[in-house]
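Here is what each chain is made of, one letter per residue.
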Amino acid sequence: MKVLTLAILFTALCPLLLSGQTDNEKLLIRHYRDGQRLSYHMEATNKNRTKAETYEADVIGIVKKNSGGRFYEEYQWTNLVLNGQKITLPAGSENYREELSLDPNFKLSSPKIDPMLVGPILDLFTFYADLRLATQNGNLTHPGDHFYFKYGKPASWANGIVILGEDSVDFDATLKAVDSIHQIATIIVRHIPPKKPEIKIPTDWMKQPVANTANNWVEVRKVGDKYIAAIGKETFDCEIKISLVDGRILSATMDNPVEVMERECMDKTLVDCGSTVRYEIRRQIYIY
């Protein structure tokens, strides 16, 4: 599954987010303390038509301040387990540090990708990116408050083997609950198909809606002399619980299904194709 597109997408979004802090933001603002220690355990499943994979890992962080006086969280990944087997990380992966921040004045950019840790790195990045989007809008103050962020521009994960890979989403963020007793706020950020997704659709049969919205996900792979062409509907539902004391993430979940319609084609124009196969890709992520 192309989690890299999330990093690309948020990097493009950064200039569009509000950087100022208003009184309305104070409920959900991150209050940093230099040297604060953080830790999470992450678990994930990734199922598609032919296989199911799992991973889990631990991440240990510390709050630091950069040369510009902006706070950030520096994370180290450990205890990686893939499909039930513990993986010994090479030195480069053990020394890798991921820098994230909920400070609206810290420039959050696409993380460097360590090949051993690509899933955990980008999944944690997604939670921070979604929370930044929700809190920087400044309108989430009471349970039920929400805002819709129109975006729609395509993000690509084409890499040569994947000759076309794009999705297109808008964002809907909601303050689901405020627990004043336990000092916890729950935020939901949904990535949903726009009314008019901006993905490339190379042939007519791909224009048929796979589900109940316009198609917002497309992938074409070259396999030998054939082309595997797929079109579908992709959504993300991220639920994030944060502390009202200091704004740190307490736990989070992500559900990322893609409803897919796929054909095997003999030509690059994707006209001479076999029968249609329907299936679901589903990624589910948990941190706590």
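Higher on the page you've got the structure.
Not measured: the values here are computed from a predicted model.

Here we take up the overall build of the chain. When you go through the chain residue by residue, the secondary structure sums to three helices and 15 strands. Computed over C-alpha atoms, the radius of gyration of the chain comes to 20 Å, within 12% of the 19 Å expected from 2.2 N^0.38 for 288 residues, which places it in the range of a compact globule. Structurally, the chain occupies a C-alpha span of about 60 × 45 × 35 Å along its principal axes. Within the span of the chain, comprising 288 residues, buried residues form 49% of the whole. Excluding contacts between residues fewer than 6 apart, the proportion of contacts in the chain whose partners are at least 24 apart in sequence is 62%. As displayed, the chain has an accessible area near 13800 Å², and 50% of this comes from carbon and sulfur atoms.

A separate point is the environment of glutamate 98. Here glutamate 98 is to be found in strand 5 (residues 98-100). You can call glutamate 98 buried: its relative accessible area is 0%. Contact partners of glutamate 98, with chain neighbours within four places excluded, come to Glu73, Glu74, Tyr75, Trp77, Pro111, Ile121, Leu124 and Phe125. In terms of polar contacts, glutamate 98 uses its side chain to reach the side chain of tryptophan 77, at 3.0 Å.

Right, let's talk about the pairing of strand 14 (residues 249-265) for a bit. As paired strands, strand 12 (residues 226-234) and strand 14 are joined by eight bridges and run antiparallel to one another. Across the sheet, tyrosine 227 pairs through a bridge with cysteine 265, a residue of strand 14. Bridge analysis of strand 13 (residues 236-243) against strand 14 gives six bridges, and the strand direction is antiparallel. Pairing of aspartate 237 across the sheet is with aspartate 255, part of strand 14. Joining the antiparallel neighbours strand 13 and strand 14 is a turn of five residues, in which glycine 247 adopts a positive phi near 80 degrees. Across 11 bridges, strand 14 lies against strand 15 (residues 277-287) in antiparallel orientation. Paired with aspartate 255 across the two strands is glutamine 284, which belongs to strand 15.

This brings us to the pairing of strand 3 (residues 71-82). Where a strand is regular, its side chains alternate between the two sheet faces. Bridge count for strand 2 (residues 52-65) against strand 3 is 10 bridges, and the pairing is antiparallel. Paired with aspartate 58 across the strands is threonine 78, a residue of strand 3. Linking strand 2 to strand 3, which pair antiparallel, is a turn of five residues; within it glycine 69 sits at a positive phi near 85 degrees. The pairing of strand 3 with strand 5 spans three bridges and is classified as antiparallel. Within strand 5, the position partnered with glutamate 73 by the bridge is leucine 100.

Taken as a whole and assessed by the stated rule, the structure comprises one disulfide. A disulfide bridge connects cysteine 265 with cysteine 273, and the sulfur atoms are separated by 2.1 Å. Taking the sign of the S-S torsion, 95 degrees for the link of cysteine 265 and cysteine 273, the bridge is right-handed. Assessed through its relative accessible area of 0%, cysteine 265 is described here as buried. Of the residues examined, cysteine 273 reaches a relative accessible area of 22% and is grouped as partly exposed.

Bringing the nonpolar core into the picture now. One finds Trp77 and Leu124 to be the most contacted residues of the largest nonpolar core, which totals 50 residues. Tallying contributions element by element places helix 3 (residues 118-137) first for this core, with nine residues. When neighbours within four sequence positions are excluded, tryptophan 77 is seen to be in contact with Met42, Ala57, Asp58, Val59, Leu89, Tyr96, Glu98, Leu117, Pro120, Ile121 and Leu124. Core analysis: the next-biggest nonpolar cluster, separate from the first, contains 13 residues, Met206, Val210, Val220 and Cys265 among them.

Procedures and definitions
The numbers attached to residues start from 1 for each chain and follow its sequence in the written order. In keeping with the model being predicted, local features are shown solely for residues with a pLDDT of at least 70 and side-chain atom pairs are shown and tallied solely at 80 or more, while totals for entire chains, interfaces and linings include all residues. Only hydrogens and water are removed before side-chain values are computed, so all heavy atoms of the structure are retained for them. Put simply, DSSP H or I for four residues or longer makes a helix, DSSP E for two residues or longer makes a strand, and each gets a number counted from the N terminus. With C-alpha atoms as the basis for the radius of gyration, the globule rule is written as 2.2 Å multiplied by the number of residues raised to the power 0.38. Throughout, exposure labels follow a simple rule: accessible area from a 1.4 Å probe, protein chains only, divided by the maximum for the residue type, with under 20% read as buried, over 50% as exposed, and the rest as partly exposed. Only heavy atoms matter for contacts: two residues are in contact if any of them lie within 4.5 Å across the pair. Surface exposure here means Shrake-Rupley accessible area, sampled with a 1.4 Å probe, where a residue is shielded only by the protein chains that are shown. Definition of a polar contact: a pair of N or O atoms within 3.5 Å, with one able to donate and the other able to accept a hydrogen when the atoms are protein atoms, and with sequence-neighbouring residues admitted only if both atoms are side-chain atoms. When DSSP finds two or more bridges between a pair of strands, those strands are recorded as paired. Disulfides are defined as pairs of cysteine sulfur atoms found within 2.5 Å of each other. What is meant by a nonpolar core is a set of buried Ala, Val, Leu, Ile, Met, Phe, Trp, Tyr and Cys residues, joined one to another through side-chain atoms within 4.5 Å.

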